[in-house]
Amino acid sequence: MKILAFESSCDETAVAVVEDGRTILSDAIASQVDIHAVYGGVVPEIASRKHVEAIAALTEKALKDANCTRQEIDAVAVTYAPGLIGAVLVGLSFAKSVAYALQVPLIPVHHIRGHIAANYLAFPELEPPFLALAISGGNTLIVDVRDYTDMEILGATRDDAAGECFDKAARVLGLSYPGGKPMDELAQRSRGGVYQLPNSKVDGAPLDMSFSGLKTAVVNLAHHAKQVGQELDAPALARDFTQAVSDTLVPRAMLAAQQTGRKVIVAAGGVAANSIIRGDLERQCARAGYRLYLPPLRLCGDNGAMIGAQGYYEYLAGHTAAMDLNAYATRDITD
Ligand code: KG4
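Keep in mind it's a predicted model, so treat the numbers as computed, not measured.

Trainee: Mind showing me how you'd approach unusual backbone geometry here?
Mentor: Excluding glycine, residues mostly carry a negative phi; peptide bonds, for their part, are mostly trans. Along the chain, Ala-81 connects to Pro-82 via a cis peptide bond; the corresponding omega equals -15 degrees. Counting through the fold element by element, Pro-82 comes out in the loop between strand 4 (75-81) and helix 3 (85-102). Omega for the peptide link from Pro-128 to Pro-129 comes to 5 degrees, which places this bond in the cis form. Residue position: Pro-129 is located in the loop between helix 4 (111-122) and strand 6 (130-135). Even without being glycine, Asp-20 reaches a positive phi, approximately 50 degrees. Mapped onto the secondary structure, Asp-20 falls in the loop between strand 2 (12-19) and strand 3 (23-31).

Trainee: Sorry if this is basic, but what is going on with the pattern of salt bridges here?
Mentor: Pairing between side chains of opposite charge can happen when the charged atoms of each approach one another. Within this structure, the stated rule accounts for 15 salt bridges. Residue Arg-70 pairs with Glu-60 through a salt bridge whose shortest N-O separation is 2.8 Å. Highlighted residues: Arg-70 in the loop between helix 2 (44-65) and strand 4 and Glu-60 in helix 2, separated in sequence by 10 residues. The exposure class assigned to Glu-60 is partly exposed, which follows from its relative accessible area of 40%. A salt bridge links Asp-150 to Arg-146, with the nearest nitrogen and oxygen atoms 3.2 Å apart. Three or more residues are tied together by salt bridges with common partners; here these are Arg-146, Asp-150 and Glu-152.

Trainee: How should I be thinking about the sheet that holds strand 5 (residues 106-110) in this particular structure?
Mentor: Sheet strands associate in pairs through backbone hydrogen bonding, adopting either a parallel or an antiparallel arrangement. Spatially, 3-2-1-4-5 is the arrangement adopted by the five strands of the open sheet, whose pairing is mixed. Of all the strands in the sheet, the pair left with one neighbour each is strand 3 and strand 5. Going across the sheet, the axis of each strand differs from the next one's by a mean of 20 degrees, ignoring polarity. On top of the sheet, helix 2 reaches strand 1 (2-7), strand 2 and strand 3; it is set at about 25 degrees to strand 2, its chief contact. The strands that helix 10 (residues 305-316) touches are strand 1, strand 2, strand 3, strand 4 and strand 5; relative to strand 1, the one it contacts most, it runs at about 125 degrees.

Trainee: Looking at this structure, I do not really get the packing of aromatic side chains. What am I missing?
Mentor: Tallying each qualifying case throughout the model produces nine aromatic pairs. Measuring from ring centre to ring centre gives 6.2 Å for Tyr-120 and Phe-130, while their planes differ by 65 degrees; the resulting arrangement is edge-to-face. Linking Tyr-120 in helix 4 with Phe-130 in strand 6, this pair joins segments that are 10 residues apart in sequence. One exposure class covers both Tyr-120 and Phe-130, and it is buried. Between Phe-166 and Phe-241, the ring centres sit 5.0 Å apart and the planes meet at 90 degrees, which makes this aromatic pair edge-to-face. Of this pair, Phe-166 sits in helix 5 (residues 162-172) while Phe-241 is found in helix 8 (residues 234-260), placing the two residues 75 residues apart along the sequence. Through pairs of rings, three or more aromatic residues link up here, namely Tyr-120, Phe-130, Tyr-148, Tyr-312 and Tyr-313. Stacked on the ring of Tyr-328, the Lys or Arg Arg-331 has its end atom at 4.2 Å from the ring centre.

Trainee: What should I look at first to understand the pairing of strand 7 (residues 140-147) in this one?
Mentor: Taking burial as the measure, the eight residues of strand 7 include six buried ones, the bulk of the element. Sheet analysis places strand 6 next to strand 7, joined by six bridges and oriented antiparallel. Each residue of the ladder has a partner; that of Phe-130, found in strand 7, is Val-145. Where strand 6 hands over to strand 7, the hairpin turn is made up of four residues, counted between the paired strands. Two elements, strand 7 and strand 8 (residues 150-156), share six bridges in a ladder whose sense is antiparallel. Considered in strand 8, the bridge of Asp-144 is made with Glu-152.

Trainee: Just to check I follow, could you spell out helix 5 for this structure?
Mentor: Helical geometry note: an α-helix holds 3.6 residues per turn, so side chains three or four residues apart project in the same direction. Buried within helix 5 are the following residues: Ala-162, Gly-163, Cys-165, Phe-166, Ala-169 and Ala-170. Along the long axis of helix 5, the arc covered by the buried residues comes to 160 degrees, so they all point the same way. Following helix 5 by one or two positions, Gly-174 has its phi on the positive side, about 80 degrees.

Trainee: Help me out: how do you make sense of the site of the ligand in this one?
Mentor: The ligand sits among 21 residues. The nearest are His-111, Gly-137, Asp-167, Gly-180 and Gly-270. Here an oxygen atom of the ligand sits 2.7 Å away from a polar atom, N or O, in the side chain of His-111. At a separation of 3.0 Å, a nitrogen atom of the ligand approaches a polar side-chain atom of Asp-184. Protein chains shield 86% of the accessible area of the ligand, which is 550 Å² for the free molecule. Every element with two or more residues in the shell around the ligand is listed here: helix 4, helix 5 and helix 6 (180-187).

Trainee: Even after reading the chapter, I still don't get the packing of helix 5 against helix 8, so can you show me in this structure?
Mentor: Describing two packed helices takes the angle between their axes plus the distance from one axis to the other. Closest axis-to-axis distance for the helix 5/helix 8 pair is 11 Å, and the angle between their directions is 170 degrees. By the criterion of interaxial angle, the relationship of helix 5 to helix 8 is roughly antiparallel. Two secondary-structure elements touch here, helix 5 through Ala-162, Cys-165, Phe-166 and Ala-169 and helix 8 through Phe-241, Thr-242 and Val-245. A breakdown of the residues in the contact of helix 5 with helix 8 according to their chemical character gives six nonpolar, one polar and no charged.

Conventions and cut-offs
Residues numbered from 1 in each chain as written. Predicted model: local features only at pLDDT ≥ 70, side-chain atom pairs only at ≥ 80, totals over all residues. Heavy atoms only, no water. Helix = DSSP H or I, 4+ residues; strand = E, 2+ residues; numbered from the N terminus. Salt bridge = Lys/Arg side-chain N within 4 Å of Asp/Glu carboxyl O. Buried < 20%, exposed > 50% of the residue type's maximum accessible area, 1.4 Å probe, protein only. Pairing = 2+ DSSP bridges. Axes fitted to C-alpha atoms, helices over the stretch in contact; angles between N-to-C directions. Contact = heavy atoms within 4.5 Å. Phe/Tyr/Trp six-rings, centres within 6.5 Å; stacked < 30°, edge-to-face > 60°. Lys NZ or Arg CZ within 6 Å of the ring centre and 35° of its normal. Arc of directions from axis to C-beta. Near = heavy atom within 4 Å. Polar contact = N/O pair within 3.5 Å; in protein donor to acceptor, adjacent residues only side chain to side chain. Areas by Shrake-Rupley, 256 points an atom, 1.4 Å probe, with all protein chains shown as cover. Parallel < 35°, antiparallel > 145°, perpendicular 65-115°, else oblique. Nonpolar A, V, L, I, M, F, W, Y, C, P; charged D, E, K, R; others polar.

Dropping the structure here:
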């Protein structure tokens, strides 16, 4: 089954053709990162407009790259939530019109379910049940993936997402947007151990997380250093910050595995590209005897193929939508 998949929830317009949820036939992406970098973050209205400009030509490219005609498309999958509402609406409206014109089913896909499903594209043997650590720019979740479309949230951030925290910390260090990758590169230049940063716990909810205290601590450190004319050890701060994020995420993923008895852990989302977090996950999973799946870097960030992968399983579960399908800025992964 060939699915034409659309993703436009943030600053990447992405269109892919995916076969049977597992094989990428094409994966076309138009990134807007350079445009938003000028402003130090995503400007929602600009994002929507850029999606409008890119999506039609990108769809032609995705079909051409897949060597596939429109008539060969069996269904259309699209991110309908969560994300910047205007941006999601562009992809959703376009996907609806394509599904209508081709007279094929329209499949709504939750963006974070898509991130998790990116692993199905990289690892043919991977099947639920497993535990997913979904860490992206807007979401931070520990999810029990009981089946392809049956999930339970075991832990979540109570405030900022891990990626958001990376972006803000990078900004005060003067790094470019999005800050995750440059922070990762900077952190690799130091062994850390210089800055004492908070590792917050949520009372009575050991799997929940909080990143706002850590974010504020880095912002305050940078501002204080500037005020008193002190030089910051930027690589050390990047390293200590990243370690604090990892020390929040990784032990909770381990605890969730212990509590549920799952022996397979899957990482997903843009922050899953982080080298320190990947290393910590590898070490701790090896120690505990868990099988770990880390998506290849190109499948960590937003892409259309992941929406096609999850779309296939949503379709098998009978989850198709009518033309009145709406877009949502926030939506639970379990809905
Ligand atoms: O999954 P994603 O592409 O978009 C969302 O669905 O949100 O994640 C983007 C986030 C950004 O915050 C970016 O800074 C972060 O992923 N990121 C990283 C790394 N690469 C991207 N964070 C830490 N280390 C990285 N290497």
